[in-house]
Amino acid sequence: MTTQDQHATEDFSAERYTGARIRRVEDPQILSGRGRYVDDVRLPGMLHAAFVRSPFAHARITGIDVAEAHDAPGVVAVYTGVELEELVDFVPGGTMAQLGGVPSPVSYTLLATDKVRHTGDPLALVVARSRYEAEDAAELVVVDYDELTPVPDAATALDPSSDRIFDDLDGNVVVAPSTNEYGDVEGAFAAADRVVHAHLDVHRHQHVPMEGRATVCVFDPELGELTVHASTQSVQAVRRSLARQLRLDSRSVHVHARDVGGSFGLKMGLSREEVAVAAVAKDLGGAVKWTEDRNENLIASSQAREESFDVEVAATDDGDLLAMKASMVIDSGSYPSRAGTLAATVQRVIPGPYVMRGLSFESTVVVTNKASYASYRGPWASETFVRERMVDTVARQLGIEPLELRRRNAVRPTTPVASMVTGPSLAGVTVHEALDRLADLLDVPAFRVRQERARAEGRHLGLGVAAYIESAPGPKPDGGTLGSERVRLRLDDDGTVLVFTGQMASGHGHLTSLMQITADQIGVPFESVRVVAGDSDQVPFGFTGGSRFAPMAGGATLHGARDLRTKIMAAASQLIEASPDDLEIIGNSVQVRGVPASARTLAQIARAARDAPDELEDVDDLEVVHDYAGGEGGWAGGAHAALVEVDVETGLVHIERYVVVEDCGELINPSIVDGQIRGGVAQGIGAVLLERTVYDDQAQCLTGTLIDYLLPTTLDVPSIEIHHLETVPLDPDVHFRGVGEGGMIVAPATICNAIEDALVPFGAEIREQHLPPSRLLELIGAIPAS
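Residues numbered from 1 in each chain as written. Predicted model: local features only at pLDDT ≥ 70, side-chain atom pairs only at ≥ 80, totals over all residues. Heavy atoms only, no water.

So, the overall build of the protein
Right, on to step 1. The helix and strand tally for the protein stands at 22 helices and 26 strands.
Right, on to step 2. For 786 residues, the compact-globule estimate of 2.2 N^0.38 gives 28 Å, and the protein sits close to it at 28 Å.
Right, on to step 3. If one aligns the C-alpha atoms of the protein with their principal axes, the spans along those axes are about 85 × 75 × 50 Å.
Right, on to step 4. By sequence separation, contacts in the protein at least 24 residues apart represent 80% of the contacts at least 6 residues apart.
Right, on to step 5. As presented, the protein carries roughly 29,300 Å² of accessible surface, and 49% of it is formed by carbon and sulfur atoms.
Right, on to step 6. Across the protein, the 67 positively charged side chains and the 115 negatively charged ones have centroids separated by 3 Å. (Helix = DSSP H or I, 4+ residues; strand = E, 2+ residues; numbered from the N terminus. Rg over C-alpha atoms; globule rule 2.2 N^0.38 Å. Contact = heavy atoms within 4.5 Å. Areas by Shrake-Rupley, 256 points an atom, 1.4 Å probe, with all protein chains shown as cover. Lys, Arg positive; Asp, Glu negative; His and termini not counted. Charge placed at Lys NZ, Arg CZ, Asp CG, Glu CD.)

Observations regarding the packing of helix α14 (residues 402-409) against helix α15 (residues 431-442)
Right, on to step 1. Two numbers describe how α14 lies on α15: the axes approach to 9 Å, and their chain directions differ by 150°. Comparing their axes, α15 and α14 come out roughly antiparallel. Of the two elements, α14 crosses α15, and the hand of that crossing is left-handed. Residue-level inspection shows Leu403, Arg406 and Arg407 of α14 in contact with α15, the latter providing His432, Leu435, Asp436 and Ala439. (Axes fitted to C-alpha atoms, helices over the stretch in contact; angles between N-to-C directions. Parallel < 35°, antiparallel > 145°, perpendicular 65-115°, else oblique. Left-handed = near helix turned anticlockwise from the far one by under 90°.)

A closer look at the side chain of Thr109
Right, on to step 1. Residue position: Thr109 is located in the loop between α5 (94-98) and β4 (115-116).
Right, on to step 2. Relative accessible area serves as the criterion here: at 17%, Thr109 is assigned to the buried category.
Right, on to step 3. Among the polar contacts made by the side chain of Thr109, one reaches the main-chain carbonyl oxygen of Leu111 at a distance of 2.6 Å.
Right, on to step 4. At a separation of 3.4 Å, a polar atom in the side chain of Thr109 contacts the side chain of Thr113.
Right, on to step 5. Residues within four places of Thr109 in sequence aside, it is in contact with Glu85, Phe90 and Arg272. (Buried < 20%, exposed > 50% of the residue type's maximum accessible area, 1.4 Å probe, protein only. Polar contact = N/O pair within 3.5 Å; in protein donor to acceptor, adjacent residues only side chain to side chain.)

Remarks on the nonpolar core
Right, on to step 1. Of all hydrophobic cores here, the largest spans 159 residues; its most connected members are Leu125, Leu226, Leu242, Leu442, Val644, Tyr658 and Ile755.
Right, on to step 2. A total of nine residues in this core trace back to one element, the largest contributor, which is helix α21 (residues 742-758).
Right, on to step 3. What Leu226 contacts, discounting residues up to four positions off in sequence, is Cys217, Val218, Phe219, Leu242, Leu246, Leu248, Ser252, Val253, His254 and Ala278.
Right, on to step 4. Counting residues in hydrophobic clusters, the runner-up holds 44 residues, among them Ile22, Leu583, Ile605 and Leu616. (Core = buried A, V, L, I, M, F, W, Y, C linked by side-chain atoms within 4.5 Å.)

With respect to a negative patch on the surface
Right, on to step 1. A surface patch of negative charge is lined by Asp65, Glu68, Asp71 and Asp144.
Right, on to step 2. Tracing the sequence through the fold places Asp71 in the loop between α3 (67-70) and β3 (75-80). (Patch = residues over 30% accessible without salt bridge, like charges linked within 9 Å, V, L, I, M, F, W, Y side chains within 5 Å. Salt bridge = Lys/Arg side-chain N within 4 Å of Asp/Glu carboxyl O.)

Some remarks on the environment of Val499
Right, on to step 1. Relative to the elements of secondary structure, Val499 occurs in strand β18 (residues 497-501).
Right, on to step 2. Aside from chain neighbours lying at most four places away, what touches Val499 is Arg488, Leu489, Thr518, Val529, Arg530, Val531, Val532 and Thr557.

Re the packing of aromatic side chains
Geometry of an aromatic ring pair is reported as the spacing of the ring centres plus the angle between the planes.
Right, on to step 1. With the rule as written, the count across this model stands at seven aromatic pairs.
Right, on to step 2. Judged by centre distance (4.5 Å) and plane angle (50°), the ring pair of Tyr108 and Tyr335 falls under tilted. Of this pair, Tyr108 sits in the loop between α5 and β4 while Tyr335 sits in the loop between β14 (321-331) and α12 (339-349), placing them 227 residues apart in sequence. Exposure class is identical for Tyr108 and Tyr335. Each is buried. (Phe/Tyr/Trp six-rings, centres within 6.5 Å; stacked < 30°, edge-to-face > 60°.)

Focus on helix α17 (residues 510-522)
Right, on to step 1. Over its 13 residues, α17 runs 18 Å from end to end, which matches the ideal 18 Å to within 8%, given 1.5 Å per residue.
Right, on to step 2. Most of α17 is tucked away: twelve of the 13 residues are buried.
Right, on to step 3. Residues of α17 that are buried: His510, Thr512, Ser513, Leu514, Met515, Gln516, Ile517, Thr518, Ala519, Asp520, Gln521 and Ile522.
Right, on to step 4. Where α17 is buried, its residues touch β17 (485-491), β18, β19 (529-532), α18 (549-576), β20 (583-586) and α20 (670-689). (Expected span 1.5 Å × (residues − 1).)

Remarks on the pattern of salt bridges
Right, on to step 1. What the rule picks out here adds up to 52 salt bridges.
Right, on to step 2. The closest approach of N and O atoms between Asp317 and Arg194, which form a salt bridge, is 3.1 Å. One end of the pair, Asp317, is in the loop between β13 (304-315) and β14; the other, Arg194, is in strand β8 (residues 194-205), with 123 residues separating them in the sequence.
Right, on to step 3. Residue class for Asp317 comes out partly exposed when judged on its relative accessible area of 41%.
Right, on to step 4. Here Arg194 falls in the partly exposed class, since its relative accessible area comes to 28%.

Focus on the environment of Val539
Right, on to step 1. Counting through the fold element by element, Val539 comes out in the loop between β19 and α18.
Right, on to step 2. Between the C-alpha atoms of Val539 and Gln236, which are 303 residues apart in sequence, the distance is 8.1 Å.
Right, on to step 3. Among residues more than four places away in sequence, those in contact with Val539 are Val235, Gln236, Phe500, Thr501, Gly502, Val532, Ala533 and Gly534.

What about helix α9 (residues 235-245)?
Right, on to step 1. Extensive coverage of α9 is indicated by the burial of nine of its eleven residues.
Right, on to step 2. If you check which residues of α9 are buried, you get Val235, Gln236, Ala237, Val238, Arg239, Ser241, Leu242, Ala243 and Gln245.
Right, on to step 3. Downstream of α9 by a residue or two, Arg247 has a phi angle that is positive, lying close to 60°.

Overview of the sheet that holds β18
Right, on to step 1. Judged by pairing direction, the sheet is mixed, and its four strands sit side by side in the order β19-β18-β17-β23 without closing on themselves. The open sheet has two free edges, formed respectively by β19 and β23 (623-628), since each of these has just one partner strand. Sheet twist, expressed as the average angle between the axes of neighbouring strands with direction ignored, equals 20°.
Right, on to step 2. Relative to β19, β18 is paired through four bridges, and the arrangement is parallel. Bridging from a neighbouring strand, Val497 pairs with Val529 of β19.
Right, on to step 3. Running over the sheet, α17 touches β17, β18 and β19 and is turned about 135° from β19. (Pairing = 2+ DSSP bridges.)

A look at the packing of helix α13 (residues 382-398) against α14
Right, on to step 1. The interhelical angle for the contact between α13 and α14, taken along N-to-C directions, is 110°, at an axis separation of 9 Å. Classed by the angle they form, the pair α13 and α14 counts as roughly perpendicular. Remark: the crossing between α13 and α14 carries right-handed chirality. In contact with Glu388, Val391, Asp392, Val394 and Ala395 of α13, α14 contributes Pro402, Leu405 and Arg406.
Right, on to step 2. Looking at the contact of α13 with α14 residue by residue, the class counts come to five nonpolar, no polar and three charged. (Nonpolar A, V, L, I, M, F, W, Y, C, P; charged D, E, K, R; others polar.)

Some words on the confidence of the model for the protein
Right, on to step 1. Per-residue pLDDT for the protein averages 92, and the proportion of residues at 70 or more is 96%.
Right, on to step 2. Predicted confidence for residues 1-14 stays below pLDDT 50, and this span has 20 contacts to residues more than four positions away or in other chains.
Right, on to step 3. The model gives residues 477-481 a pLDDT under 50, and that stretch makes seven contacts with residues more than four places away or in other chains. (pLDDT = per-residue confidence, 0-100.)

Side note on the pairing of strand β22 (residues 595-601)
Right, on to step 1. The sheet contact formed by strand β21 (residues 589-592) and β22 spans three bridges and is antiparallel. Paired with Ser589 across the strands is Thr601, a residue of β22.
Right, on to step 2. Linking β21 back to β22 in an antiparallel pair, the connection comprises two residues, with Gly594 at a positive phi of about 75°.

Some details on the sheet that holds β4
Right, on to step 1. What the three strands build is an open sheet, ordered β4-β2-β6; its pairing is antiparallel. Each end of this open sheet is capped by a strand with a single partner; those strands are β4 and β6 (142-147).
Right, on to step 2. As paired strands, strand β2 (residues 59-65) and β6 are joined by six bridges and run antiparallel to one another. Across the sheet, residue Arg60 finds its bridge partner in β6, namely Asp146.

This is the structure in structure tokens:
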């Protein structure tokens with residue numbers, strides 16, 4: 001009998017679903033090919049959009065001739081950037097700026113009008129009766145360019161003599177260098193026995209979701225209403241943003257999302273192209289569809305990472321980490337949005353789980369002629385990479401086992417509770433316990449003996465360890481930066497409990513998890529709960545991102561379900577004429593304990609509340625709304641370890657063993673949690689061994705296909721051992737913590753540490769994150785450095 005069959009035949013009371021490996025309700029339609037994505041939307045009379053994109057990274061637009069495209073078969077309209085400016089109150093800076101957040105530091109238009117600033121920059125839009133006709137006509141648009149010298153990298157951007165990308169900037173520095181100090185930095189460095197310095201680079205990544213950006217926008221001119229089919233992390237963010245920019249009342253914008261084929265941060269808000277498609281749909285008074293192809297996704301959608309660091313760490317010869325000085329430069333690409341906010345986050349959490357006496361942090365953000373910077377799974381992850389690489393560097397210089405050095409410096413429970421030198425409390429951090437568990441699992445002394453024997457045989461094994469904490473939501477008061485999450489719950493007329501959430505899953509299993517929490521807290525069968533998501537007309541504001549789902553949406557659902565249960569029992573007590581304390585929920589009915597004959601079904605109770613509300617005192621309806629901002633919070637975190645073998649003849653890396661010890665509090669569904677961890681680790685492995693977005697010295701993207709941008713497959717990812725601590729978090733009720741980004745945050749440092757450990761005989765020092773075979777052969781001296 002399967003787990004689902006058991007649920008269908010047994011009664012479950014509270015505390016039976018949370019923690020169970022229930023099969024995801026989302027999977028059957030996806031795995032059977034019945035998923036519905038934006039590209040599956042087919043509407044009568046639907047038109048198709050294609051964008052004219054720049055072949056140059058940096059050029060002035062001196063003329064656009066659309067006459068031939070206008071006359072091409074099937075073409076309905078052609079829009080240039082100038083024409084779209086009249087249709088849209090475009091807000092530069094991405095969705096957060098569009099919703100009234102931090103404004104963009106530079107001004108630019110929806111489609112390029114004066115300059116193109118990266119290869120693939122959109123500057124015109126063709127609408128035709130088929131996608132093929134639209135793409136053919138887009139090739140007929142003639143654009144005259146005056147080529148400018150490109151700014152291909154941050155080093156060039158920092159040169160005051162480089163060509164300005166934005167005329168309203170004095171140079172290409174969008175956030176000027178600024179230094180903040182915490183604690184006694186100079187005192188700590190003066191007390192140090194040694195100072196370890198390194199320059200570290202984190203390379204540019206791609207999101208590469210299975211489903212790229214896509215939208216179908218339908219405008220009804222008679223009703224003045226816009227309906228949008230979106231692939232998004234928040235239907236409400238899309239609704240609010242489009243309403244503001246298209247001069248519509250938000251109540252006249254309706255956003256629908258069904259299945260979302262991956263995101264990883266790419267679909268946090270609205271891209272320029274999606275706003276443009278909505279604008280032309282409104283202008284034409286019909287339905288317009290756009291689905292990006294993979295080449296557009298790789299060269300013109302947002303990209304991520306690409307930060308460089310100069311770091312100094314002060315330490316004692318006994319292995320105490322005293323303080324850090326770090327200087328970070330972020331390459332934000334062509335159209336800056338969130339890079340400044342990210343810099344502040346990296347600064348805030350870079351001490352991680354270690355107690356230091358001081359931190360000096362300087363950050364600079366520059367613009368270059370690359371695709372724009374966006375959040376990517378664990379957007380602040382460079383802080384973990386930098387910190388954990390430096391810990392290994394210090395350990396190697398001191399001759400201390402890297403795992404042991406971490407155990408010496410990781411925070412332990414203290415009174416009063418320790419804090420990062422930057423301010424956030426470290427209450428509830430269990431990294432020390434995770435490191436202890438790793439020590440037991442790995443038997444490092446035995447590995448070192450094995451490593452030496454292997455080296456004598458010409459084989460090069462390495463052990464890498466790294467620790468992390470995940471900052472969603474984090475302990476109060478610092479966790480409040482993520483706002484709150486709202487859910488609405490209602491007992492429907494058929495006895496089903498409906499949960500309305502603004503969360504949008506793209507493979508996370510959110511629906512199943514919320515059903516488990518709700519079923520437990522109300523006491524109804526799992527199958528009696530239904531989650532409503534992806535409809536802006538029904539769901540409250542919320543978004544998926546920042547590992548906020550479990551602690552915030554889960555917390556809101558837990559409290560909301562308890563409130564709804566209280567209302568249900570109050571209504572039932574009046575119908576059954578018994579005290580609420582004497583009632584219990586069995587299956588889909590409420591009854592006096594031990595008296596089945598007294599039972600009223602949930603459907604009967606719901607209909608009574610609907611049809612005769614005046615007869616039920618203190619029960620206005622069977623619906624509740626609950627906001628939750630993380631409660632007392634609690635960091636997630638842990639430690640990873642990798643055992644690798646580097647083939648010094650080929651530069652290939654084989655991951656022999658990968659071990660995860662993590663603590664995300666109570667597990668809602670262990671299978672879903674493990675899946676999130678494994679997916680994140682797989683991305684981290686890809687980041688080191690395979691994935692990299694490459695630009696040449698003319699800022700031309702060289703990785704515009706999946707032949708050039710390599711993704712990990714099942715052959716590249718080992719079996720991953722996962723061990724859970726599940727310690728009791730700080731909040732008295734909500735015991736869930738975020739888990740979505742931890743694997744991707746810490747895996748790159750873990751793998752790089754292991755590779756460097758394997759290459760000790762060659763004196764190789766790992767100072768970058770991307771380590772394909774050719775680079776490893778350079779580091780060991782087998783081939784000349786390029």
